[in-house]
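Residue-level structure breakdown
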Amino acid sequence: MKKKVILAFSGGLDTSYCAKYLSETLGYDVYAVTVNTGGFSKEEEKELERKALNLGVKEYRCVDAQEDYYNSCVKYLIFGNVLKNNTYPLSVSAERTIQAQEIAKYAIEVQADAIAHGSTGAGNDQVRFDLIFQVMCPNIEIITPIRDMALSREEEIEFLKEHGYEMEFQKAQYSVNKGLWGTSVGGKETLTSRNYLPEEAFPSQIKETQPSELEIEFKNGEVVGVNGESFEHSVYAIQKIEELASAYGIGRDIHVGDTIVGIKGRVGFEAAAASVIIKAHHLLEKHTLSKYQQMMKSQLSDWYGNWLHEALFLDPVMRNIESFLVDSQKTVTGKVFVTLHPYRFILNGIESDHDLMSDKFGSYGEANRAWTGEDVKGYTKIVSNSLNIYHQINQNIN
C-alpha cells in the first residue's frame, strides 16, 4: 500500500513538478489540495482540478476557506488597522498561515504520511508552511523538493516533459498572488531598490475616472454594509468594496521589509478594499475610542502584525491580543463616507451614535460647556507642577 502525501497545490510550475515527482519518483499517492482564501473563481477551481488530475494525483480537493480566513485573521487586521511598516496590509502573510492550517487539518483527517509544498529556500512562505505543520502535525514528514534540490525552472520543465506532461509554462513577466485581502505583484522592478512597477504590472486596470461616493457601514468594527446594501458576511462586503475601489487603481504600492530569513525584500501589491477599509475604520475609531484605547491598540496591533508576518500565528499571545482587539470594538459602530478618485480616496467624515466629538461638552477652539476657565487654570497649575520643579532645580543644564 502506497504512502499518502498531501500536496499544497497552486497549479503553477513548482507544484506541478512536485505532483509528478512525488508520485512517479518517490512513489506516493498524491492528494492535491488548494485552499481558496479569495484568489480563485469557480472556473479557476475547475481548471486547477483538471490540471491536478492530468498530473496523476489520486485525489484533488479545493477548500473554500474565505469565511474562515476572515473570521480567524482578517477581521483582527481590520480591528488593529494593521499595515506593516505603515504600508502593507499583510495580504500574503496572512493567507499562507490560514492555508497551511487547512492543509494540516486535511493531512490529519486522511492520516497522511507526509505533507509537501513547493516553496523555494529564499522566501518567507517556506517558514510559514513548515512552522504550522510542525506545530499542528509534528509526526507527519514535510517534503520540499524545490527547496531541497535547488531546482531551476528549466530542470522542472524538462522533468515534466520526460514524464509525459506538457503545457505552456511560460515565465510570466510578473508573478501575481491574489487573495481576499490583496494581491501581491513581483517582477524585475521589485528586485531592485530603485524602480517602481509599471501600470501594466497591476492586475486591476483603471476603469473609472469620475469621482464616486462610497458609504461603508461598520458594526463593532466589522464591515456590514456598502452603499446601503447589507451583507450576510463581511467577506462579501469586502469583495464589493474591492470591486468598486479597484476600478480606480486604489491601494497600489511597494512594500519594503525584513524577511523571516533575514534579508530585505521588496514586493508590489494592490489592495483596494484593504486600503480603504483600514483607513475608514481607523477614522471611525478616532471618533469613538478614548485616547488611551487608541494608544494601546496601536502598540498591540503592531506586535500582532509583526508576529503574523513572522509565522507566529499559533502563539497563544496572539489569542490574547485578539481578545483585547475584540473588546476594543464595542463602540466602533457607524458609517464612514468616502470619495473614490483615480489612484486615491478621500475620507469625508463619519456618523455614529458613539461619536465622542459631541457638542454637548464643547466645540474645539470655539466653546466650552462642561468646564470653566478657572477649572483649566487650576488643572494646568497641578499638571505643570512636576515640570516646574524639574526646570527650577536644573536651570544650569542645557
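The rules behind each value
Residues numbered from 1 in each chain as written. Predicted model: local features only at pLDDT ≥ 70, side-chain atom pairs only at ≥ 80, totals over all residues. Heavy atoms only, no water. UniProt positions renumbered as here; feature names shortened; annotations may be inferred. Pairing = 2+ DSSP bridges. Helix = DSSP H or I, 4+ residues; strand = E, 2+ residues; numbered from the N terminus. Buried < 20%, exposed > 50% of the residue type's maximum accessible area, 1.4 Å probe, protein only. Axes fitted to C-alpha atoms, helices over the stretch in contact; angles between N-to-C directions. Contact = heavy atoms within 4.5 Å. Disulfide = S-S within 2.5 Å. Core = buried A, V, L, I, M, F, W, Y, C linked by side-chain atoms within 4.5 Å. Left-handed = near helix turned anticlockwise from the far one by under 90°. Nonpolar A, V, L, I, M, F, W, Y, C, P; charged D, E, K, R; others polar. Expected span 1.5 Å × (residues − 1). Arc of directions from axis to C-beta.

The protein chain goes by argininosuccinate synthase in an unreviewed UniProt entry, where it is assigned to Chryseobacterium cucumeris. The Pathway (unreviewed entry) comment attached to the protein chain in UniProt states, word for word, "Amino-acid biosynthesis; L-arginine biosynthesis; L-arginine from L-ornithine and carbamoyl phosphate: step 2/3."

**Overview of the pairing of strand β6 (residues 175-179)**
Regular strands show a simple pattern: their side chains alternate between the two faces of the sheet. Bridge count between β6 and strand β7 (residues 182-186): five bridges; the pairing is antiparallel. Directly across from Val176, in β7, lies its bridge partner Val185. Where β6 folds back on β7, the antiparallel hairpin that results is connected by two residues.

**Regarding the pairing of β7**
The buried fraction of β7 amounts to five of the five residues, a majority that puts the element mostly inside the structure. The alternating pattern of β7 places Gly182, Ser184 and Gly186 on one face and Thr183 and Val185 on the opposite face, and all of these are buried. As paired strands, β7 and strand β12 (residues 264-270) are joined by three bridges and run antiparallel to one another. Bridging from a neighbouring strand, Thr183 pairs with Glu270 of β12.

**A word on the sheet that holds strand β5 (residues 141-143)**
Pairing in this open sheet of five strands is parallel, and the strands run β3-β2-β1-β4-β5 from one edge to the other. Whereas interior strands pair on both sides, the edge strands pair on one side only; in this sheet they are β3 (59-64) and β5. The mean inter-strand angle of the sheet, taken between neighbouring strand axes irrespective of direction, is 25°. Note that strand β4 (residues 114-116) and β5 share three bridges and pair parallel. The residue of β5 that forms the bridge with Ala116 is Ile143. Where helix α2 (residues 42-54) meets the sheet, it contacts β2 (29-36) and β3, and its direction lies at approximately 155° from that of β3.

**Things to note about the state of the cysteines**
Per the counting criterion, the structure on display carries zero disulfides. With no disulfide partner, Cys18 has as its closest neighbouring cysteine sulfur the one in Cys137, 17 Å distant. Of all cysteine sulfurs in the structure, the one in Cys62 sits closest to Cys73, which takes part in no disulfide; the separation is 19 Å.

**A few points about the sheet that holds strand β14 (residues 344-351)**
What the five strands build is an open sheet, ordered β10-β9-β8-β13-β14; its pairing is antiparallel. Across the chains shown, the open sheet's two edge strands, defined by having one partner strand only, are β10 (229-230) and β14. With two bridges connecting them, strand β9 (residues 222-226) and β10 associate as antiparallel partners. Note that in β10 the partner of Gly225 across the bridge is Ser230. Packing against the sheet, helix α8 (residues 234-246) makes contact with β8 (212-219), β9, β10 and β13 (334-341), and its axis sits at approximately 60° to β9.

**Notes on the nonpolar core**
The biggest cluster of nonpolar side chains holds 53 residues, and the ones touching the most others in it are Leu77, Trp181, Ile216, Ile238, Ile241 and Ile277. If one sorts the elements of this core by residue count, helix α9 (residues 272-288) sits on top with nine residues. For Ile241, the residues in contact, after removing those within four places along its chain, are Leu214, Ile216, Val223, Val226, Ser246, Ala273, Val276 and Ile277. Grouped together as the second largest cluster of nonpolar side chains are 27 residues, Tyr28, Val30, Tyr60 and Ile157 included.

**Concerning the packing of helix α3 (residues 66-79) against helix α10 (residues 291-309)**
One can describe the packing of α3 onto α10 by two numbers: an axis separation of 10 Å at closest approach and a directional angle of 145°. Every pair of crossing elements has a handedness; the one defined by α3 and α10 is left-handed. In this structure, α3 uses Ser72, Cys73, Tyr76, Leu77 and Phe79 to contact α10, whose residues at the interface are Lys297, Tyr304 and Leu308. A class-by-class count of the residues in the contact of α3 with α10 yields six nonpolar, one polar and one charged.

**A word on helix α11 (residues 316-328)**
Between its first and last C-alpha atoms α11 spans 19 Å; for 13 residues at 1.5 Å apiece the expected length is 18 Å, and the two agree. Along α11, the residues classified as buried are Met318, Ile321, Glu322, Leu325 and Ser328. All buried residues of α11 lie within an arc of 120° about the axis, which places them on one face of the element. Facing away from the buried surface of α11 by more than 90 degrees, the exposed residues are Pro316 and Asn320.

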